[in-house]
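Given next are the chains, with one letter for each unit.
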Amino acid sequence: MDKKIIDGKLVSEKIRGQIKDHVDELKNQTSAVPGLAAVLVGEDGPSQIYVRNKRKACENVGIYSEEHKLPENTTENHLLSLINKLNNQENINGILIQLPLPDHIDETKILNSVNPDKDVDGFHPVNAGNLFEGKPSFIACTPHGIIKMLEHYDLEIEGKNAVVLGRSNIVGKPASMLLLQKNATVTICHSRTKNLESVLKEADIVVAAIGRANFVKSSMVKEGAVVIDVGINRLDSGKLVGDVDYENVISKCSMITPVPGGVGPMTITMLLWNTLESFKKSIA
Ligand code: NDP
């Protein structure tokens, strides 16, 4: 493996091993295991795959999981009553609502109905607010995974210029907050940012999360930068690529995450992590 590659699979395997050991230990002590419920509405292809992968990942570390697959025409009220049931279900420590939801369902209303203590995705305003204030909370899995990878490779964050491309609630904003907590100087860029290229060129750490294939070119990256590519884009050829022009940027940066095999595996790993944390709190 190229020494420049931040290997999300490797870091993921290490952390999943730790999670499994911890789950086994707690099972011996309490006869119980953490539980995750995944709720999927409709037939979105990628979502079906994500949910299947999450189930397998749970199985591998000994976390109980259950799937609730609902038809596309499910009503908002029906979904709310299922979430209410899961909020009160003792063997469930984490609830995952697979996005996107069908258009007739109010996504915000649904995400806000999840008990913040079981919000292992970290999307509830209580958890997002706690992250904003620097208080302990469930941290959104993708940004959390990014920090874990940087830490695994001993890549310094403090004092660095970090530029986050994208300001979504699930990636860009929480990634910015976490980097800020780690004492980086953070700039957030988005579709209205002017002179994006010159801002990017100042970055010691780039986090690209915009969903635009190969957007970040070598000319936009500072020599020696650390590049984290969150994007998942499928080309017409069927090839999966990130938001970074990996082939050309790799020679300029010091470290880079590949797509696939970078941020992706870490996202599921941190979901398992949050589910274990939730279980630990419930038995404390
Ligand atoms: P969103 O679509 O919610 O947000 C995209 C952001 O990118 C917006 O803030 C938008 O700006 C900004 N943006 C779009 N085009 C440009 C541009 N040309 N220049 C600058 N900024 C731009 O995306 P997500 O945050 O949900 O996801 C981003 C990517 O990460 C996607 O490819 C997604 O598939 C992937 N992803 C990967 C995960 C993983 O586990 N690896 C997990 C989650 C997401 P504005 O706000 O102004 O519209």
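Residues numbered from 1 in each chain as written. Predicted model: local features only at pLDDT ≥ 70, side-chain atom pairs only at ≥ 80, totals over all residues. Heavy atoms only, no water.

**Quick word on the site of the ligand**
By nearness alone, 21 residues border the ligand, and Arg-167, Ser-168, Ser-191, Ile-232 and Thr-267 come closest of all. For the ligand, an oxygen atom lies 2.5 Å from a polar atom in the side chain of Ser-168. About the coverage of the ligand: the protein hides 71% of its 930 Å² of free accessible area. Broken down by element, the residue count for the shell around the ligand peaks at three residues, all from helix H10 (residues 263–283). Its residues assigned to classes, the shell around the ligand comprises nine nonpolar, ten polar and two charged. (Near = heavy atom within 4 Å. Polar contact = N/O pair within 3.5 Å; in protein donor to acceptor, adjacent residues only side chain to side chain. Areas by Shrake-Rupley, 256 points an atom, 1.4 Å probe, with all protein chains shown as cover. Helix = DSSP H or I, 4+ residues; strand = E, 2+ residues; numbered from the N terminus. Nonpolar A, V, L, I, M, F, W, Y, C, P; charged D, E, K, R; others polar.)

**So, the sheet that holds strand E10 (residues 255–256)**
Sheet strands line up and pair through hydrogen bonds in the backbone, either parallel or antiparallel. In spatial order, the strands read E5-E4-E6-E7-E10; together these five strands make up an open sheet with parallel pairing. What marks the edges here is a single partner per strand, and that holds for strand E5 (185–189) and E10. Where strand E7 (residues 226–229) lies against E10, two bridges are found, and the strand directions are parallel. Paired with Val-226 across the two strands is Met-255, which belongs to E10. (Pairing = 2+ DSSP bridges.)

**A word on the domain arrangement of the protein**
Along its sequence, the protein is carved into domain 1 (31–116) and domain 2 (141–264). For domain 1 versus domain 2, the separation of C-alpha centres amounts to 29 Å. (Domains from an automatic or database assignment.)

**A word on the nonpolar core**
Residues Leu-150, Leu-179, Val-207, Val-226, Ile-228 and Val-230 are the most contacted members of the largest nonpolar core, which totals 47 residues. The greatest single-element share of this core, amounting to eight residues, is contributed by H10. Of the domains in this structure, domain 1 (31–116) and domain 2 (141–264) are the two that each give at least three residues to this core. Not counting residues up to four positions away in its chain, the partners in contact with Ile-228 are Ile-6, Ile-146, Leu-150, Val-206, Val-207, Ala-208, Thr-257 and Val-263. In this structure, Leu-165, Cys-189, Ala-208 and Val-216 belong to the second largest nonpolar core, which totals 19 residues. (Core = buried A, V, L, I, M, F, W, Y, C linked by side-chain atoms within 4.5 Å. Buried < 20%, exposed > 50% of the residue type's maximum accessible area, 1.4 Å probe, protein only. Contact = heavy atoms within 4.5 Å.)

**Points about the sheet that holds strand E1 (residues 35–41)**
Read from one edge of the open sheet, three strands run E2-E1-E3, paired in parallel fashion. On the outer flanks of this sheet lie strand E2 (64–70) and strand E3 (94–97), each paired with one strand and no other. Averaged over neighbouring strand pairs, the angle between their axes works out to 15 degrees when direction is ignored. One ladder, built from seven bridges, connects E1 with E2; its direction is parallel. Bridge assignment links Val-39 to a residue of E2, and that residue is His-68. (Axes fitted to C-alpha atoms, helices over the stretch in contact; angles between N-to-C directions.)

**Quick look at helix H7 (residues 172–181)**
If you check which residues of H7 are buried, you get Gly-172, Pro-174, Ala-175, Ser-176, Leu-178 and Leu-179. Considering only its buried residues, H7 is in contact with helix H5 (125–133), helix H6 (141–152), strand E4 (161–165), E5 and strand E6 (205–208).

**A short note on unusual backbone geometry**
A cis amide bond links Leu-99 with the next residue in sequence, Pro-100, at an omega value of 5 degrees. Relative to the helices and strands, Pro-100 resides in the loop between E3 and helix H4 (107–113). The omega torsion across Val-259 and Pro-260 is 0 degrees, close enough to zero to call that bond cis. In this fold, Pro-260 is placed in the loop between E10 and H10. At Asp-154, a position not held by glycine, the phi torsion is positive, near 55 degrees. Mapped onto the elements of the fold, Asp-154 is located in the loop between H6 and E4. A positive phi angle, close to 50 degrees, is found at Asn-195, a residue other than glycine.

**Regarding the state of the cysteines**
All chains considered together, the criterion is met by zero disulfides. Its sulfur unpaired, Cys-58 is 11 Å from the next cysteine sulfur, which belongs to Cys-141. The buried category is assigned to Cys-58, whose relative accessible area is 1%. Looking at the unpaired Cys-189, the closest cysteine sulfur is the one in Cys-253, lying at 18 Å. (Disulfide = S-S within 2.5 Å.)

**Some points on the pairing of E1**
Of all seven residues making up E1, seven are buried, and the element is well covered by its neighbours. Side chains Gly-35, Ala-37, Val-39 and Val-41 project from E1 onto one buried face, and the interleaved Leu-36, Ala-38 and Leu-40 project onto a second face that is buried too. Once you follow E1 into helix H2 (residues 45–61) and on to E2, the crossover reads as right-handed. Bridge analysis of E1 against E3 gives four bridges, and the strand direction is parallel. Across the sheet, Ala-38 pairs through a bridge with Leu-96, a residue of E3. (Right-handed = clockwise from strand over helix to strand, strands pointing away.)

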